[in-house]
Amino acid sequence: MRRLNRALLRKLTKLPASEWLELLRAQAALLHAQLLVWTRARGRLMAPATRSSARDRGTEELGRAAVQPVVRRIALAVERAAEYGLFRPTCLVRAVALQRMVTARGFPGSSVRVGIRWRGRQFMAHAWVDYEGVVLADPDWHVRNYEQLPGMEVKLPL
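This structure is a prediction, so every number in the text was calculated from the model and none was measured.

*Asks:* I'd love a proper account of the pairing of strand β3 (residues 122-131), names of residues and values included.
*Replies:* Among the 10 residues that make up β3, 7 are buried, leaving the element largely enclosed by the rest of the structure. In this antiparallel pair of consecutive strands, strand β2 (residues 110-119) and β3, the connection spans 2 residues, and glycine 120 shows a positive phi of 65 degrees. Where β3 and strand β4 (residues 134-136) come together, 3 bridges link them in antiparallel fashion. From the neighbouring strand, tyrosine 131 faces β4, where its bridge partner is valine 134. With antiparallel pairing between neighbouring strands as the criterion, β3 and β4 make up a hairpin whose turn holds 2 residues, including glutamate 132 at a positive phi of roughly 55 degrees.

As structure tokens, this is what we get:
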């Protein structure tokens, strides 16, 4: 455990100021998303995605090349903050935070996706963000294990 902490601290000290700022924004977005998930009444957090924000998974190959580096950096910051930050958020909290950050930075076209599956007798669900047909901050192999429901968006204003 100490080695992990030392290695992590060494990495953190070498990050440029812009990445530190992005990590702090991501941590704040995760905290805000957690509060939203805790405090919103059932059915008041998400809404069906509009046509402009939801894309078909069939456009994934076209979209992969078109994702701006800024969007990828935002996704990476949320991943890092979720993994090493103040708390370990659920997939829904991560997805809400990421979708809100991407939209707030002026990149429309993202939606929170929810998928379901059965594992033996256990029902499982998972949430992730789709941006222009590309899964952000989640491995494609993991997302493919779920039967995707229609796209969702975080209801505004929040």
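Still to come is the rest of the account.
*Asks:* How would you summarise the nonpolar core if you had to cite specific residues and measurements?
*Replies:* The biggest cluster of nonpolar side chains holds 30 residues, and the ones touching the most others in it are Leu30, Val71, Leu98, Val102, Tyr131 and Leu136. Put simply, the parts of the chain that give this core at least two residues each are α2 (17-39), α4 (69-84), α5 (91-104), β3 and β4. Dropping the residues within four chain positions of it, leucine 136 is found in contact with Val67, Val71, Ala75, Leu98, Val102, Val129 and Tyr131. Formed by 5 residues, the second largest nonpolar core is a distinct cluster that contains Trp128, Val135, Val143 and Tyr146.

What counts and what doesn't
Residue numbers run consecutively from 1 along every chain, following the written order of its sequence. Whole-chain, interface and lining totals are the exception, using all residues; otherwise, since this is a predicted model, local features are given only for residues with pLDDT of at least 70 and side-chain atom pairs are given and counted only at 80 or more. As a convention, hydrogens and water are excluded, and side-chain values are obtained from all of the structure's heavy atoms. Exposure classes here rest on a 1.4 Å probe applied to the protein chains alone. A residue is buried below 20% of its type maximum, exposed above 50%, and partly exposed in between. Helix and strand definitions here come from DSSP, where helices need a minimum of 4 consecutive H or I residues and strands a minimum of 2 consecutive E residues; each element is numbered from the N-terminal end. Being paired, for any two strands, means DSSP has found at least two bridges between them. Nonpolar cores are built from buried Ala, Val, Leu, Ile, Met, Phe, Trp, Tyr and Cys residues. Side-chain atoms within 4.5 Å join them into one set. Residue contacts are defined here by distance: any two heavy atoms, one from each residue, within 4.5 Å place the two residues in contact.

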